[in-house]
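Each chain is listed here by its residues.
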Amino acid sequence: MATLASWRTTQQSATVQKRIVGEHMEDGNDHPFGISTSRFSDGVNKGIFTMEGTSNVETPAGPTSSQADDNAATRSSSRGYLALCPKYVQKFVNKECHDKDPTETYKEYCARLLGVFFEYEKWKNLCSISWKKIETVKSPNDMDMTALENLFHVLFMVKNDSRNTSAFLMKLKNLKDIQNSEIDPDALGKLEAALDVFIQEAGSFYSLPAHEIQHLKNELKADIQASFCPGEKRLLYACTCMAKEGLETMKQFLQSNFETENLLFSMGKVKRRAVFHKLEVLLREGDNDEIFSYAEIFERNEKFIIVSGVAGAGKSTLLENIALNFVELQTVTSSYLQDFDLLLYIQCRDHTTKTLSQVLMQQYDDVWTKLGEDIVLKALFKLKVLFLVDGYDEYSHSMTVLQEVIKKAWRANCRVIITTRHHSAERLGKLLSWNGVNFAEFEIAPLLYVEQQLSFLKKYEPYLPGSRPPGAVQESFRTLPDSLQILFTEPLKLLQFCNVYINCPNNITSWTRATDVANATFLVYKELLEKKLINAAYPNLDIVIEDLFLFIGEEALNFLRDNTLAFTKEQVKEVQRKCDKMLQAKRDIKDLDINKVLSSVLKMKRPPTGKGHPTYSFSHEADQKYFASKYVVHKMKDTNLSVRKILSGKESRTGNW
């Protein structure tokens, strides 16, 4: 028998040499979590290469040099506004710290002046909210106005000399307050006046000659004239609002939606940053294939990037982590994101958003209300925006949103990253090509090696419910035969292993074949439903649950035929009605709480803003396919119908299995 290492190497080579066209193995009984996705997609995706209403696509005209120059000038003006204050305050930091070694952090500099080592609490109290920034940076160029003001307070307290600093600090605080206050159309004039006053006060404080103070004031006027476009004040105002106030609103939106991850099977929540497993991506170019860190996709020149992967590979998790990195740029080293002004996150499965304007309204609510739709859209494409588009293969109304992004973002100074399953990647590529868009395509690399799998489990294990010896989940996985370990090459499957361990740990020791792993998923769902129906006085509860799961499997397949992974409230009500009817007809059961049944397998997700109707879905697409595969296998055994007929929906539906 070949060794696991050689087997994995062979699998990796096969993965590199050809595109994976389905999420699962061809034989559903040989795969732990479902049947072939390519079968599901046969009747759904064939020949569909354009968005609704775009069968005759005209390639948009490219941006003119004047358009590009205009966008760059407006973006420069907006960034210039926000950089004016720090630029001139930083000049005086350097004067105050004229004896600082360039290799020293400001904490090290202060410690050298005092001749003492700062303990953690003392340093934190001294520096207030900017303690971490002042502790780590070596240049004032890396500080915003709040940190710069705090740094001056710290320096004056540490030096404790005879200088009267009150007037200087008062002018500095006034400057910071204007910089950080809500922006209004007259903000540039206010800022220029405050900077002029500060330069005068700071020049006197540091005993600069009059001609040197005047030189700084002249430099300020030159900066303003060079950086800000005359006649474009309203658009500049909007761009600055988006890049400042809008940025803060967007960060709150991303944090509230992505900071925590809901574990499967109601196992609780976990901080996403604590468990994120840094994925690798595969780039195919001709005969050359290369695997590298996901952050390197930002080094490509193409504006549009396709990231494909099987169900559960971590496509959504990857985008959510990028979004959180953008939120935490002050504390996380993510140099690949530092050049972007804004980020926009688009979920293609979202039924509530039908236009790009609605997405903006959700994520930039305050600025949207303040400025209005037209000016916000204009400002958006003047700035450098990172669009994260999740789940092209799951599109509903959001296809219209993607169409707007394709038509507008490729002309502007933007970057668009779109995730999709493998079977939709080719269709997406044709769509982009027909719109005259250059793109690069990457694929999320599977976790082929046991070291990678154990590393993933190690991050999640401390957050799983229940008590167990440290490392017990990893040890349980380590004892699996090689032929079973290789079934868990995606993050989702490893989380499903955790679920089985928590709910049915003894079941794992009996696994010998892939079908044993597949059945374990069913046992977890069954146990969860049995707990919810524990007080129900039904004879043959096992048979009732089997009927319910087959019904859910049939509905899961019906939705998959339509490429529907997120269901509306009305669709779920219709499923409840049909389930009631089935139970009455087959088991004469009339009082079962169908909500308890569906809540065992479906999760509810409210719109990001909290407004509007919620949507429902299986815990993951792979679970929907798992239930569908159980129904297909049962139908094949119970009838003479072929797999193709069952998957296509051409069989006669009697409601009896």
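Structure shown above.
What counts as what
Residues numbered from 1 in each chain as written. Predicted model: local features only at pLDDT ≥ 70, side-chain atom pairs only at ≥ 80, totals over all residues. Heavy atoms only, no water. Helix = DSSP H or I, 4+ residues; strand = E, 2+ residues; numbered from the N terminus. Expected span 1.5 Å × (residues − 1). Buried < 20%, exposed > 50% of the residue type's maximum accessible area, 1.4 Å probe, protein only. Axes fitted to C-alpha atoms, helices over the stretch in contact; angles between N-to-C directions. Parallel < 35°, antiparallel > 145°, perpendicular 65-115°, else oblique. Contact = heavy atoms within 4.5 Å. Nonpolar A, V, L, I, M, F, W, Y, C, P; charged D, E, K, R; others polar. Core = buried A, V, L, I, M, F, W, Y, C linked by side-chain atoms within 4.5 Å. Salt bridge = Lys/Arg side-chain N within 4 Å of Asp/Glu carboxyl O. Phe/Tyr/Trp six-rings, centres within 6.5 Å; stacked < 30°, edge-to-face > 60°. Lys NZ or Arg CZ within 6 Å of the ring centre and 35° of its normal.

Student: Would you mind showing me how to read helix α25 (residues 541-561) here?
Tutor: An α-helical segment advances 3.6 residues per turn. Residues three or four places apart therefore align on the same side. An ideal rise of 1.5 Å per residue puts 30 Å on 21 residues; α25 measures up with 30 Å between its terminal C-alpha atoms. Of all 21 residues in α25, 18 are buried, a share of seventy percent or more. Among the residues trailing α25, asparagine 563 stands out with phi positive, at a value near 60 degrees.

Student: Just to check I follow, could you spell out the packing of helix α24 (residues 514-532) against helix α28 (residues 621-638) for this structure?
Tutor: Helix packing geometry: the angle between the two helix axes and the distance between the axes. Here α24 crosses α28 at 100 degrees, and the two axes come no closer than 11 Å. As far as their axial angle goes, α28 and α24 are roughly perpendicular. Contacts from Ala518, Asn519, Thr521, Phe522 and Tyr525 in α24 reach Asp623, Tyr626, Phe627 and Lys630 in α28. For the contact of α24 with α28, the residue count by class is five nonpolar, two polar and two charged.

Student: Explain the nonpolar core to me, please; I cannot follow it from the model alone.
Tutor: Grouped burial of nonpolar side chains is what soluble globular proteins tend to show. By size, the foremost hydrophobic cluster in this structure holds 81 residues, and its most contacted members are Met242, Ile322, Leu356 and Phe387. With 12 residues, the top contributor of residues to this core is helix α11 (residues 233-258). Leaving out residues up to four positions away in the same chain, leucine 356 has contacts with Leu344, Ile346, Leu377, Leu380, Phe381, Phe387, Val401, Glu404 and Val405. Formed by 45 residues, the second largest nonpolar core is a distinct cluster that contains Leu148, Leu155, Ala202 and Leu220.

Student: Just checking my understanding: could you explain the pattern of salt bridges for this structure?
Tutor: Where side chains of opposite charge bring their charged atoms close, a pairing between them can arise. The final tally for this structure, using the stated rule, is 25 salt bridges. In this structure, lysine 159 engages glutamate 96 in a salt bridge whose closest nitrogen and oxygen atoms are separated by 2.8 Å. Highlighted residues: lysine 159 in helix α7 (residues 145-159) and glutamate 96 in helix α3 (residues 65-96), separated in sequence by 63 residues. Note that aspartate 339 and lysine 384 form a salt bridge whose closest N and O atoms lie 2.6 Å from each other. Taken together, the residues aspartate 339 in the loop between α13 (315-327) and β6 (342-347) and lysine 384 in the loop between α16 (373-380) and β7 (385-390) connect sequence positions 45 residues apart. On the accessibility criterion, aspartate 339 (37% relative accessible area) is partly exposed. By relative accessible area, lysine 384 is classed as buried at 16%.

Student: What is the right way to look at helix α14 (residues 356-363) in this model?
Tutor: Of all the eight residues making up α14, six are buried; the element is thus mostly covered by neighbouring parts of the structure. Listing the buried residues of α14 in full gives Leu356, Ser357, Val359, Leu360, Gln362 and Gln363.

Student: So what exactly am I meant to see when it comes to the environment of phenylalanine 456 here?
Tutor: Structurally, the position occupied by phenylalanine 456 is in helix α19 (residues 450-460). Distance from phenylalanine 456 to phenylalanine 276, taken between C-alpha atoms, is 8.4 Å for residues 180 residues apart in sequence. Other than its neighbours up to four places away in sequence, phenylalanine 456 contacts His277, Pro491, Leu494 and Leu495.

Student: Got a minute to help me understand the packing of aromatic side chains in this structure?
Tutor: For any two aromatic rings, the description comes down to two numbers: the centre-to-centre distance and the angle of the planes. This structure, assessed with the given rule, holds 31 aromatic pairs. Ring centres of phenylalanine 549 and phenylalanine 627 lie 5.4 Å apart, and the angle between their planes is 80 degrees; on these two criteria the pair is classed as edge-to-face. Placement of phenylalanine 549 in helix α25 and of phenylalanine 627 in helix α28 is noted, with a sequence separation of 78 residues between them. Neither residue differs from the other here; phenylalanine 549 and phenylalanine 627 are each classed as buried. Ring centres 6.1 Å apart and planes at 90 degrees place the aromatic pair phenylalanine 567 and phenylalanine 618 in the edge-to-face group. A residue pair is termed long-range when its members are at least 10 positions apart, and phenylalanine 567 in the loop between α25 and α26 (569-587) and phenylalanine 618 in strand β11 (residues 615-618) qualify at 51 residues. For phenylalanine 567, a relative accessible area of 3% puts it in the buried group. Judged by relative accessible area, phenylalanine 618 falls into the buried class, the value being 5%. Here the aromatic residues Phe92, Phe152, Phe156, Phe168, Phe198, Phe205 and Tyr206 are joined through ring pairs into a cluster of three or more. The positively charged end of lysine 100 is found above the aromatic ring belonging to tyrosine 106, 4.8 Å away from the centroid. Positioned over the ring face of phenylalanine 340 is lysine 384, at 5.3 Å from the centre of the ring.

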